[in-house]
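Inside the fold
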2 protein chains.
Amino acid sequence: MQIKELALATGVDVETIRYYEKQGLMPAPARRDNGYRDYAVAHLERLSFIRHCRALDMPLGDVNRLLGFVDKPDRNCGDVDLLVDDQLARVRARLKSMRALEKQLLRLRARCLGSHEGAHCGILEELVSAAHGESCACHPG
Amino acid sequence: MQIKELALATGVDVETIRYYEKQGLMPAPARRDNGYRDYAVAHLERLSFIRHCRALDMPLGDVNRLLGFVDKPDRNCGDVDLLVDDQLARVRARLKSMRALEKQLLRLRARCLGSHEGAHCGILEELVSAAHGESCACHPG
DNA sequence: TAGAAACCTTGGAGCCGCTACAGTGTCAAA
DNA sequence: TTTGACACTGTAGCGGCTCCAAGGTTTCTA
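Residues numbered from 1 in each chain as written. Chains lettered and ligands numbered in written order. Predicted model: local features only at pLDDT ≥ 70, side-chain atom pairs only at ≥ 80, totals over all residues. Heavy atoms only, no water.

Now for the overall build of chain A. Secondary structure summary: chain A contains six helices and two strands in total. When its helices and strands are written in sequence order, chain A yields α-α-β-β-α-α-α-α. In chain A, which comprises 141 residues, the proportion classed as buried is 40%. Once local pairs closer than 6 in sequence are excluded, the contacts in chain A between residues at least 24 apart make up 42%. Accessible surface, chain A as shown: approximately 7,600 Å² in total, 50% of it carbon and sulfur. (Helix = DSSP H or I, 4+ residues; strand = E, 2+ residues; numbered from the N terminus. Buried < 20%, exposed > 50% of the residue type's maximum accessible area, 1.4 Å probe, protein only. Contact = heavy atoms within 4.5 Å. Areas by Shrake-Rupley, 256 points an atom, 1.4 Å probe, with all protein chains shown as cover.)

Turning our eyes to something else, we now look at the protein's contact with DNA strand C. The environment of DNA strand C is made up of 18 residues, and the closest members are A:Arg18, A:Arg37, B:Tyr19, B:Tyr20 and B:Arg54. Backbone atoms, meaning sugar and phosphate, form 75% of the atoms of DNA strand C found within 4 Å of the protein. B:Leu60 is positioned with one of its backbone polar atoms (N or O) 3.2 Å from a phosphate oxygen of DNA strand C. Ranked by the residues each element gives to the surface near DNA strand C, the list is headed by helix 2 (residues 14–22) of chain B, at four residues. (Near = heavy atom within 4 Å. Polar contact = N/O pair within 3.5 Å; in protein donor to acceptor, adjacent residues only side chain to side chain.)

Moving on: the protein's contact with DNA strand D. The environment of DNA strand D is formed by 19 residues, the closest being A:Tyr20, A:Tyr36, B:Lys4, B:Arg18 and B:Arg37. Counting only atoms of DNA strand D within 4 Å of the protein, the sugar-phosphate share comes to 75%. A:Tyr19 places a polar side-chain atom, nitrogen or oxygen, 3.5 Å from a base nitrogen of DNA strand D. Here A:Tyr36 contributes a side-chain N or O atom positioned 2.8 Å from a base nitrogen of DNA strand D. Listing elements by their share of the surface near DNA strand D, those giving two or more residues are helix 2 (14–22) and helix 3 (41–55) of chain A together with helix 1 (3–10) and helix 2 of chain B.

Residue and element names in this part refer to chain B. The N-to-C vectors of helix 2 and helix 3 (residues 41–55) enclose an angle of 95 degrees; their axes lie 12 Å apart at closest approach. With respect to each other, helix 2 and helix 3 are oriented roughly perpendicular. Residues Thr16, Ile17 and Tyr20 of helix 2 pack against Leu47, Ile50, Arg51 and Arg54 of helix 3. Residue composition of the contact of helix 2 with helix 3, by class: four nonpolar, one polar and two charged. (Axes fitted to C-alpha atoms, helices over the stretch in contact; angles between N-to-C directions. Parallel < 35°, antiparallel > 145°, perpendicular 65-115°, else oblique. Nonpolar A, V, L, I, M, F, W, Y, C, P; charged D, E, K, R; others polar.)

What follows is about the pattern of salt bridges. Using the criterion set out here, one finds 19 salt bridges over all chains in the structure. B:Arg109 is paired through a salt bridge with A:Asp85; the nearest N and O atoms lie 2.3 Å apart. Linking B:Arg109 in helix 5 (residues 78–110) with A:Asp85 in helix 5 (residues 78–110), this pair reaches from one chain into another. On the accessibility criterion, A:Asp85 (27% relative accessible area) is partly exposed. Each member of the salt-bridge network shares a partner with another, and the members are A:Glu21, A:Arg31 and A:Arg37. (Salt bridge = Lys/Arg side-chain N within 4 Å of Asp/Glu carboxyl O.)

Let us look at the packing of aromatic side chains. Residues and elements named next belong to chain A. Applying the stated criterion across every chain, the model contains two aromatic pairs over all chains. Ring centres of Tyr19 and Tyr20 lie 6.1 Å apart, and the angle between their planes is 50 degrees; this geometry places the pair in the tilted category. According to the relative accessible area criterion, Tyr19 is partly exposed, its value standing at 41%. Taking the relative accessible area as the measure of exposure, Tyr20 reaches 3% and is therefore buried. (Phe/Tyr/Trp six-rings, centres within 6.5 Å; stacked < 30°, edge-to-face > 60°.)

So, on to the nonpolar core. In terms of nonpolar packing, the biggest core is built from 66 residues, with A:Met58, A:Leu66 and B:Leu66 touching the most fellow members. Dropping the residues within four chain positions of it, A:Leu66 is found in contact with A:Phe49, A:Cys53, A:Met58, A:Val80, A:Leu83, B:Leu124 and B:Leu127. (Core = buried A, V, L, I, M, F, W, Y, C linked by side-chain atoms within 4.5 Å.)

So, on to the confidence of the model for chain A. When the pLDDT values of chain A are averaged, the result is 84; 81% of them are 70 or greater. Looking over chain A, one finds the lowest element-wise mean pLDDT in helix 6 (residues 122–131) of chain A, namely 75, and the highest in strand 2 (residues 37–38) of chain A, namely 98. (pLDDT = per-residue confidence, 0-100.)

Right, dumping it as structure tokens:
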């Protein structure tokens, strides 16, 4: 399988596949006489695994560690759930701050009363007032 | 005001302040005889403004555009609310995908039944099965 | 048989928003 | 006088790609 076929089969960009190889996530494939990469089914599966983990927003370092467990299934894999827990915690922390962010933006947005002259723009006033340390709709309290 | 005083007053790292100057977000301050930067109150306000926008997760490019409106308040600022709307849309899109992500991770986590032998690890099985295109707890349907 | 188009290779730079150096200079207190 | 804290510039690194240049190979079409 040439690199483009692998790319099409997995939906992963050709450059990204080469990047994964350089980063040590994908094993170097066999080469044809002309130097072209020649992938086997195992590569396709490994790439799918990587993309699945990435869809879960796991850092490539974590993906690499998971691949280590996959490669040596005899090894005790007690860290696998820790790794998933960590990822879950990261996602939840991010969710929390994003929700707060949404609220702040909504309030800021509500300050726009239709006047679009800079001197009377509620949004700009709001943002500038923050610079004066006044209480603002975005960061109340 | 020396750079460290500005940093303390705003909670912004010294290196970050210099970075903002290099990026054209902060105007170059006066220099003392020894070459040290000498900031005025206007710099403090501008830096607060920038950090407030960054707290709303706006890209620096957008912050720069807002600063343009602040600098020239006569200019019609109809784009300001568009800019905020864009940011809100970005945040909401991200929220949506993060919520989905949390669900997927929770389901994946539930696959861990206490067995930590790699060969029988529910989480690894799940992730590997995805590589085979089987339906998986993470990406159902 | 020529040439164009589509593929492949490598290496390096660019993106964002910092952060962390290295190497050097300046200043104030003990 | 020496120590320590500050300042300066310039460059490199982070993650996870993405894009580009400059070249080689293969396949299709005229």
